[in-house]
Structures are given as structure tokens and as C-alpha cells.
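Spelled out from the first residue to the last, the chains are:
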Amino acid sequence: MKIATPDSWYRIQGLADGVTHIDEHHIKPFFRCNIWHVRGRDRDLLLDSGMGVVSLRRTVARLAERPLIAVASHAHFDHIGNHHEFAERAIHRAEAGILAEPTRPATLADLYVSDEIFTARPPGDYDSTRYAVVPAPATRLLEDGDVIDLGDRSFEVMHLPGHSPGSIALWERATGILFSGDVVYDGPLIDDCYHSDVDDYLAGLERLRGLPVRTVHGGHFPSFGPDRFRALIDEYLAGKRRPGCPDEATKK
């Protein structure tokens, strides 16, 4: 397998609404986290930080230019690997312990990290058997309903456990943008991690479904619009709802 260079590790794409998409394109799609950067008037938002095998802050210059809050959608290895590089770090309190002490089992690295997840090996002396996330204790603990304020833009924290206990999404009502983390994306949703809960997942997706979204930027795979958003949720709900379980949507 070829070895990637640090400068080639990250791919950067500017999108509409002042959103920048960053990803580690030498990681295969299923394991490749979407990293989202939003520029604000007073400070920037970074949602998730990738695997951490190449420095994000040093390689992507725009992330070191201004004050920035690095938010973790949850504490799995592919989302928090570079959080230690940023002074301000936020995560839901249910997974703050993992961010502070990110063991291989707790972050799912034991389960998923191997040479097979790459199309090109990370540079340097990388070794999958020695891979570990660097501890990055949170400087802010998030709760449902909290607001990430960038000065001219604000994002509401939605606590949506199920994939993991501290999974969150960020909702910008003014633009209809939802950063959905691993709660919903256009690919196979994972609800069988060691700390997943299918009942919580169902409840969270029911809650999300009624949002007037315009654009959804997920934790993996390409972004999508409102029709695909509802179709993905409905597909999951139909596949997971237990016989005889009432449809919460019909109660409203």
C-alpha cells in the first residue's frame, strides 16, 4: 500500500452557506468522518476532527487563523482524533469521560482500526496496532438546548442518544442547516455499538423528523436535502419499530 503525504491527507471543499467540508480521503468511505467548519463573526465552529493520524490544525491553515470551538458530535475515534489540538473543546457530558480518557475499546478503535480501512497508509511511523486517540478533556460540557454562538450565527445542541449516549446534532434554524453527526446520514446507520440503544435511537429520529431542514450535513457520506432526510428516517423507523409499538408521530 502506498504511503500518503501529510499535505495530501485532507481534502477541503467550500460549500454553500459558509460551510467548509473537510475529509480524510485516504480512509475508506464507511470509516471516513466528515469534518465541518463554519466561519462566524466572532469565532469559528469545527464539528468533529477526524482520526488524528495527521495534524488537522497544522495542515488545514484556516483552522488556526481565528478563535474556534471544536465540538464533538460523539466520542468515537474517527470523530475526535484531533480535538487535542484545539484549546476550546465541547462535547455532551454523557461522553466527556471518553474524550478525557479515550481508550481503544471506548472509542471503538479496537473494533474498527486496521490497515484495511485505508486506501493509502498515513505518513510517518503510523502503526494500526498502536493507534490511540490523544486525551482532550472538554472545556465545555453540552446539554440539550444549549447554543453554540459564533456571533452572527448560532447552533442549537440537540441531544439524540442511540448511536451512542452523548450523540448530538447541531441545528441552525435560521438557515435550515442540520449537522447531524452519526444520528442520521446517507448510509447504514449503526445502532449496535457497545453503548448504543435502539429505543433511544427511535425516539431521537422521531424528534428530528419534524424539523424544517433544508440541508443535512451528516457525520459520514454526502450531504442531502429534506426529502432524503425524511426517507432515511422513515426507512430506519420502519425497519426497527417493534410489532405493536405505537407510532409516536401519530400521537401529535
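Refer to the preceding data block for the structure.
So, here is what we can say about the structure in this document. Here the residue index of a chain counts from 1 through its sequence in written order. Since the coordinates come from a predicted model, pLDDT governs what is reported: local features require at least 70, and pairs of side-chain atoms require 80 or more to be given and counted, while whole-chain, interface and lining totals use all residues. Excluded from the side-chain calculations are hydrogens and water; all other atoms, namely the structure's heavy atoms, are used.

## Overview of the nonpolar core
What makes a nonpolar core is a set of buried Ala, Val, Leu, Ile, Met, Phe, Trp, Tyr and Cys residues whose side-chain atoms join them at distances within 4.5 Å. Relative accessibility thresholds used throughout: buried, under 20% of the residue-type maximum; exposed, over 50%; partly exposed, between the two (1.4 Å probe, protein chains only). Residues M51, L56, Y131, L178, L205, L208 and F229 are the most contacted members of the largest nonpolar core, which totals 60 residues. In DSSP terms, a helix is any run of H or I states spanning at least four residues, a strand is any run of E spanning at least two, and both are numbered starting from the N terminus. Elements with a contribution of two residues or more to this core: β5 (68–71), α3 (77–80), α4 (96–100), β10 (168–172), α7 (198–209) and α8 (226–240). In terms of residue count, the dominant contributor to this core is α8 (five residues). We call two residues in contact when some of their heavy atoms are within 4.5 Å. Ignoring sequence-local partners within four residues, the contact set of M51 consists of E24, I27, F77, D78, G81, V113, I117, F118, Y126 and Y131. In terms of nonpolar packing, the next biggest core, distinct from the first, is built from 17 residues, V71, V157, I168 and L170 among them.

## A word on the pairing of strand β11 (residues 177–181)
For a regular strand, the rule is simple: side chains alternate between the two faces of the sheet. Burial runs high along β11: five of the five residues are buried. Burial of β11 is two-sided: the residues I177, F179 and G181 facing one way and the residues L178 and S180 facing the other way are all buried. Bridge count for β10 against β11 is three bridges, and the pairing is antiparallel. Residue pairing for β11: L170 is matched across the bridge by F179. In this scheme, strands are said to pair when DSSP sees at least two bridges between them. Where β10 folds back onto β11 in an antiparallel hairpin, the turn is made up of four residues, including G176, whose phi is positive at roughly 75°. Here four bridges tie β11 to strand β12 (residues 215–218), and the two strands are oriented parallel to one another. Considered in β12, the bridge of I177 is made with T215. By the criterion used throughout, a crossover qualifies as right-handed when its path from the first strand across the helix to the second strand runs clockwise, the strands pointing away from the viewer. Note that the unit made of β11, α7 and β12 has a crossover that is right-handed.

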